[in-house]
Amino acid sequence: MHLARAGFSAHYPARFQWVVAHNPCPCGWLGHPAQRCNCTPDRIQRYRDRLSGPLLDRLDIGVEVSALSPEALLNGQPGVSSDGIRAQVSQARQLQRARQGCLNAFMNITQLDACVRLDQPTQQWLAKACSQLGLTGRSTHRLLRVARTIADLAHVGQTAEQNKVNGVQPATMVSTSSERGDDMSVCRMGSADGLSTDFIAPVTEIHLREALQMRRALRPLTAPQPVVSGKVSEEGRARVTFD
């Protein structure tokens, strides 16, 4: 893939993971609890419009990162270690390979339908939510893949906690390739984990809501109104959301 823009060009492999970060507005202070944003609504909208709809449509996950207070930074409780998260992600990836022969990101529509089984009420709720948000077919399928991954991570975490309570050793999974190898490789489950290769943890409304929240964060900001003397009023600024 070749990208060229404003006198700069770059070559990327055909399969890559794209991570992008941007400020909420040109000055960077929009939504900050202590700093004041002086950007006008039009300037904010022009800034957001630099990321086009088709481009955003191809992103899977959006996360809003809010500023932390000094108290939270100094007195925050330690979270899960990177090693712990890596182990959970690694087990989820191998579970996916054992179930459908590839990672969730590479599932085709047939595999996606087989691995995401929604009951009728949940399916109706999701259809209404996608309609209200104006999601495209591509976005809806990406949403389902993210929800499937959230369910896999939740299942791996619950299994690890149950194993701790029951005194069971961690699951052993033997892969036909290294973790950095071919994503389409198939792995087989070790017998110590107690899971069958055709086990599919259900995707629930909770998982879908989490995936929808990540999708909503990718939508453009709504231009705040009203505008008073070329500046955003406090009432207008409060209406600038990722909705």
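Analysis parameters
Residues numbered from 1 in each chain as written. Predicted model: local features only at pLDDT ≥ 70, side-chain atom pairs only at ≥ 80, totals over all residues. Heavy atoms only, no water. Helix = DSSP H or I, 4+ residues; strand = E, 2+ residues; numbered from the N terminus. Buried < 20%, exposed > 50% of the residue type's maximum accessible area, 1.4 Å probe, protein only. Contact = heavy atoms within 4.5 Å. Areas by Shrake-Rupley, 256 points an atom, 1.4 Å probe, with all protein chains shown as cover. Core = buried A, V, L, I, M, F, W, Y, C linked by side-chain atoms within 4.5 Å. Salt bridge = Lys/Arg side-chain N within 4 Å of Asp/Glu carboxyl O. pLDDT = per-residue confidence, 0-100.

A. Representation of the overall build of the protein within the structure. Within the protein one finds nine helices and six strands. Residue burial in the protein is summarised as follows: out of 243 residues, 30% are buried. Looking at the protein alone, contacts between residues at least 24 apart form 68% of all its contacts between residues at least 6 apart. Carbon and sulfur atoms make up 54% of the accessible area of the protein, which totals about 15800 Å².

B. Inspection of unusual backbone geometry at higher detail. Positive phi values are uncommon outside glycine, yet Ala6 reaches one of about 50 degrees. Within the secondary structure layout, Ala6 lies in the loop between strand E1 (2-5) and strand E2 (8-11). Residue class for Ala6 comes out exposed when judged on its relative accessible area of 84%.

C. Inspection of the nonpolar core at higher detail. In this structure, Leu118, Leu126, Leu143, Leu144, Val203 and Leu208 are the most contacted members of the largest nonpolar core, which totals 21 residues. Elements supplying a minimum of two residues to this core: helix H5 (109-115), helix H6 (120-133), helix H7 (137-166) and helix H8 (205-216). Counting residues per element, this core draws most heavily on H7, which supplies six residues. In this structure Leu118 touches Gln123, Leu126, Leu144, Val203 and Leu208, once residues within four positions along its chain are discounted.

D. Just the pattern of salt bridges, in detail. The tally for this structure, following the rule as stated, stands at five salt bridges. With its nearest N and O atoms 2.7 Å apart, the salt bridge here joins Arg142 to Asp60. Of the two residues, Arg142 sits in helix H7 while Asp60 sits in the loop between helix H2 (53-56) and helix H3 (70-75), which places them 82 residues apart along the sequence. We classify Asp60 as partly exposed; its relative accessible area is 34%. Asp152 is the salt-bridge partner of Arg99, the closest N and O atoms lying 2.9 Å from each other. Remark: Asp152 occurs in helix H7 and Arg99 occurs in helix H4 (residues 82-100); sequence separation between them is 53 residues. Exposure class is identical for Arg99 and Asp152. Each is buried.

E. The arrangement of the side chain of Ser139 in detail. With respect to the helices and strands, the residue Ser139 is situated in helix H7. Sequence-distant contacts of Ser139, that is, excluding residues within four places in its chain, are made with Asp57 and Arg215.

F. Summary view of the confidence of the model for the protein. With 73% of its residues at a pLDDT of 70 or more, the protein has an overall mean of 76. Long-range and interchain partners of residues 166-197, a stretch whose pLDDT sits below 50, account for 56 contacts in this model, where long-range means more than four residues apart. Below pLDDT 50 for its whole length, residues 220-243 participates in 47 contacts with residues either more than four positions away or in separate chains.

G. Summary view of the environment of Ala34. Turning to its location among the elements, Ala34 is positioned in the loop between E2 and helix H1 (41-48). For the pair Ala34 and Ala67, spaced 33 residues apart in sequence, the C-alpha separation works out to 9.6 Å.

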